[in-house]
Amino acid sequence: MSTAELAPTGTTTPGPMDPALVHRLAALVTAAPGRPRQASHAPFDGALIGEVPACTAEDVAEAQRRARVAQADWAARSLAERRAVMLRYHDLVLERQEQVLDVTQAETGKARVSAFEELADVAMTARYYANTAARHLRPTRRQGALPLLTRTVQHHHPKGLVGVISPWNYPLTLAVSDAIPALLAGNGVVLKPDSQTPFTALMAVELLYEAGLPRDLFQVVTGAGSVLGTPLIEGVEYLMFTGSTATGRIIAEQCGRRLIGFSAELGGKNPMIVLADADLEKTVEGAVRACFANSGQLCISIERMYVEDAIYDRFVPAFVERVARMTLAAGTTWEAEMGSLVSRDQFDAVRAHVDDAVAKGARVLTGGRPRPDLGPLFYEPTVLEGVTEEMALCRDETFGPVVALTRVADAEEAIERANDTEYGLNASIWSSPRRGAEVATRIRTGTVNVNEAYAAAWASHDAPMGGMGNSGVGRRHGAEGILKYTEPQTVAVQRGLPIGPMPGLPLERYATVMTAGLKLLKRAPFLE
Ligand code: NAD
């Protein structure tokens, strides 16, 4: 059953969003008149939110055509002008936060604090790239072929058009935060948000227009990824994808055939390591956020925890007691620490993982049950012990509020088990800062947080974020997160002597002179 089936049929009661807002946002989608509509529903109670067009390949082509025309003008504008748009956007997102949080919660069923986390991330990304784009993009002098005689400069040109395909779990920030550096670098963007959360993405884009972004430069198409993915990839110069590893492989193949660049931010089975010298109280609080923020529907959240023997019997009861006390609630007030799951599919997947583990002998220390009294898609935060290889959740991503605890002899065993996975997205280590930082470099994940769950590394926007192994290709954030949307170009101006043989110089003599010159250069590494 999909979430759609939860909706009361023939309802005339107002949905969780103002109909005028729903209408205004749906009108931002690039679609020919008369397209079929696709509905989205509120996870809290199944109420109808609204409908957006189910776009076609023709709509994608039209969106690309419009964005391409706008991009030529946008790329010719100064970086200062583009920066001013992003700084206004930063302020607008914060000013309008009540409405943005309402829409995000209506479509995802997440707790307000989790929606706020997304909103803050959008503001931070806009500020970071607005303030650093000039540094990342400016033409830079490079060591020339011949010292003093070759003046070599590296330029960064916009790719042209960037496609963004985003998921439902962080539908606000993942719809725009990867687009912000692409836009600052002079590109146009065509976004395809997940079918379950189009209104959150449209809200984020509407604020970009209000901040001064040319309307045609950022296009949105809505509908099924399986229908729109191929035409989107066919008409862009770069594709930014966030979603599952399975879809990431399909996209990688298509981008490969077209020889265009892509970034894929994919799934994870992220480990947490608790060593004996960890601060117990802080670790318990950190672990709660690490495992249950956004109801565990977070690519960088923790699903496996390795706890050193010497602290296991103190940590586990304290953690379980705290998880059992977590506040779960529907609604737009701030008291809930955890909200609903997003869809019936997601709910079924989480329940199937827990039921399979329990049937094969795992022990439930707390949670392990649906909570229909709170809403149709609520599931308790769940802590398991005794998880073994034959259980699906041992190695597969659950993407829900479930964590498996394992006792380990020491840090060496914890590191070995943490690295025993095909994924490599995020890890969290709790220990003294020094020891934690040492252990961190031995973990094969793109980000490692020491004495923090996930936010320290994610929100270090100046540093790259992404996955190793099956967790992804490429990085967002930092220099990598903007330069990937550019074509590097090397311009070398040669003065005086040519690089090849000089006119009139016998070729053998040329080789002798060059050999002597190369030997000399090796003795002058300071010139590199
Ligand atoms: P998904 O791959 O099913 O969907 C993601 C997006 O891809 C949606 O917009 C969907 O419509 C589109 N899509 C689906 N099939 C497509 C196709 N054939 N061609 C083109 N587009 C297609 O992912 P999901 O299950 O909805 O999202 C959850 C997954 O995303 C989890 O595995 C999670 O770990 C991952 N994720 C990763 C990050 C990260 O930064 N690494 C962040 C958030 C989520």
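Model, not experiment: these values are computed from the prediction.

Caption draft 1: Fine view of the sheet that holds strand E9 (residues 261-265). Judged by pairing direction, the sheet is mixed, and its six strands sit side by side in the order E7-E6-E5-E8-E9-E17 without closing on themselves. Two strands lie at the open edges of the sheet, namely strand E7 (218-220) and strand E17 (472-473), each paired on one side alone. When strand E5 (residues 161-165) meets strand E8 (residues 238-242), the two strands line up parallel, connected through four bridges. Bridge assignment links Val-164 to a residue of E8, and that residue is Met-240. Contacting E5, strand E6 (188-192) and E7, helix H2 (residues 57-76) runs over the sheet at an angle of about 155 degrees to E6.

Caption draft 2: Quick peek at the site of the ligand. The environment of the ligand is made up of 26 residues, and the closest members are Ser-166, Trp-168, Ser-244, Leu-266 and Glu-397. One of the backbone N or O atoms of Ser-166 is found 2.7 Å from an oxygen atom in the ligand. Residue Gly-225 places a main-chain N or O atom 3.3 Å away from a nitrogen atom belonging to the ligand. For the ligand, whose unbound accessible area comes to 850 Å², protein coverage reaches 86%. For the shell around the ligand, the secondary-structure elements that each account for two or more residues are helix H9 (225-234), E8 and helix H10 (245-258). Here the residues of the shell around the ligand are counted per class, giving 11 nonpolar, 10 polar and five charged.

Caption draft 3: Summary view of unusual backbone geometry. Residue Leu-148 is not a glycine yet carries a positive backbone phi of 75 degrees. Of note, Leu-148 is situated in the loop between strand E3 (140-142) and strand E4 (150-158).

Caption draft 4: Just helix H3 (residues 79-95), in detail. Between its first and last C-alpha, H3 extends 25 Å over 17 residues, near the 24 Å set by a 1.5 Å rise per residue. Listed in full, the buried residues belonging to H3 are Arg-82, Val-85, Met-86, Tyr-89, His-90, Leu-92 and Val-93. Next to the buried residues of H3 lie H2, helix H4 (97-108), helix H5 (112-137), helix H6 (173-176), helix H7 (179-184) and helix H8 (198-210).

Caption draft 5: Representation of the confidence of the model for the protein chain. Mean pLDDT over the protein chain stands at 95; residues scoring 70 or higher make up 97%. Counting interchain partners and residues more than four positions distant, the pLDDT-below-50 stretch residues 1-13 has 18 contacts.

Caption draft 6: Local environment of the pairing of strand E2 (residues 48-53). Two strands pair when backbone bridges link them, and strand E1 (residues 37-41) and E2 are joined in this way by five bridges, in the antiparallel orientation. Counterpart to Arg-37 in the pairing with E2 is Pro-53.

Caption draft 7: Seen up close, the packing of H4 against H5. One can describe the packing of H4 onto H5 by two numbers: an axis separation of 9 Å at closest approach and a directional angle of 120 degrees. The handedness of the crossing between H4 and H5 comes out as right-handed. Each of Gln-97, Glu-98, Val-100, Leu-101, Asp-102, Thr-104 and Gln-105 in H4 lies in contact with H5, whose residues at this interface are Arg-112, Ala-115, Phe-116, Glu-118 and Leu-119. Class assignment for the residues of the contact of H4 with H5 results in five nonpolar, three polar and four charged.

Caption draft 8: Broad picture of the packing of helix H11 (residues 280-292) against helix H12 (residues 309-324). Direction vectors running N to C along H11 and H12 enclose 55 degrees, while the axes themselves pass 10 Å from each other. As judged from the angle between their axes, H11 and H12 are oblique. The way H11 lies across H12 gives a crossing that is right-handed. Across the interface between the two elements, Leu-280, Thr-283, Val-284, Glu-285, Ala-287, Val-288, Cys-291 and Phe-292 of H11 pack against Ile-311, Arg-314, Phe-315, Ala-318, Phe-319, Arg-322 and Val-323 of H12. A class-by-class count of the residues in the contact of H11 with H12 yields 11 nonpolar, one polar and three charged.

Caption draft 9: Structural context of helix H1 (residues 19-26). Within H1, burial applies to Leu-21, Val-22, Leu-25 and Ala-26. Here the buried residues of H1 occupy an arc of 125 degrees about the axis, which is enough to place them on one side. Away from its buried face, by an angle of more than 90 degrees, H1 presents the exposed residues Pro-19 and His-23. Residues of H1 that are buried sit in contact with E1, E2, H4 and H8. The distance from a side-chain oxygen at the start of H1 to the backbone nitrogen of Ala-20 is 3.1 Å, and the residue carrying that oxygen is Asp-18.

Caption draft 10: Inspection of the pattern of salt bridges at higher detail. Taken as a whole, this structure holds 31 salt bridges when the rule is applied. With a shortest N-O distance of 2.8 Å, Arg-476 and Asp-178 are connected by a salt bridge. Of the two residues, Arg-476 is situated in the loop between E17 and helix H17 (480-483) and Asp-178 in the loop between H6 and H7; the sequence distance between them amounts to 298 residues. The residues Arg-476 and Asp-178 share a single accessibility class, namely buried. Taking the shortest distance from any N to any O, the salt bridge between Asp-420 and Arg-395 comes out at 2.8 Å.

The rules behind these values
Position numbers for residues start from 1 in each chain and track the written sequence from start to end. In view of the model being predicted, local features appear only for residues whose pLDDT reaches at least 70, and side-chain atom pairs are presented and counted only at 80 or more, with totals across whole chains, interfaces and linings using the full set of residues. With hydrogens and water stripped out, all remaining heavy atoms of the structure feed into the side-chain values. Two strands pair if DSSP finds at least two bridges between them. Strands here mean DSSP runs of E at least two residues long; helices mean DSSP runs of H or I at least four residues long; both are numbered from the N terminus. Contact criterion: two residues are considered in contact whenever any of their non-hydrogen atoms come within 4.5 Å of each other. Interaxial angle, 0 to 180 degrees, is taken between N-to-C directions of lines fitted to C-alpha atoms, where a helix line uses only the stretch in contact. Any residue with a heavy atom positioned within 4 Å of a molecule or strand is treated as near that molecule or strand. Pairs of N or O atoms are called polar contacts if they sit within 3.5 Å, as long as, within protein, a hydrogen donor faces a hydrogen acceptor (for residues adjacent in sequence, only side-chain-to-side-chain pairs). Computed by Shrake-Rupley with a 1.4 Å probe, the accessible areas treat only the displayed protein chains as cover when residues are assessed. Polar here means any residue other than Ala, Val, Leu, Ile, Met, Phe, Trp, Tyr, Cys and Pro, which are nonpolar, and Asp, Glu, Lys and Arg, which are charged; Gly is therefore polar. Here, expected helix span is obtained from the residue count minus one, scaled by 1.5 Å. Any residue under 20% of the maximum accessible area for its type is buried, any over 50% is exposed, and the rest in between are partly exposed; the area is computed with a 1.4 Å probe on protein chains only. pLDDT gives the predictor's per-residue confidence on a scale running from 0 to 100. Left-handed is the label given to a crossing in which the near helix is rotated counterclockwise from the far helix by less than a right angle, and right-handed is the label when the rotation is clockwise. By definition in this entry, angles of less than 35 degrees are roughly parallel, angles greater than 145 are roughly antiparallel, angles of 65 to 115 are roughly perpendicular, and the rest are oblique. The directions from the helix axis to the C-beta atoms form the arc being described. A pairing counts as a salt bridge when a side-chain nitrogen of Lys or Arg comes within 4 Å of a carboxyl oxygen of Asp or Glu.

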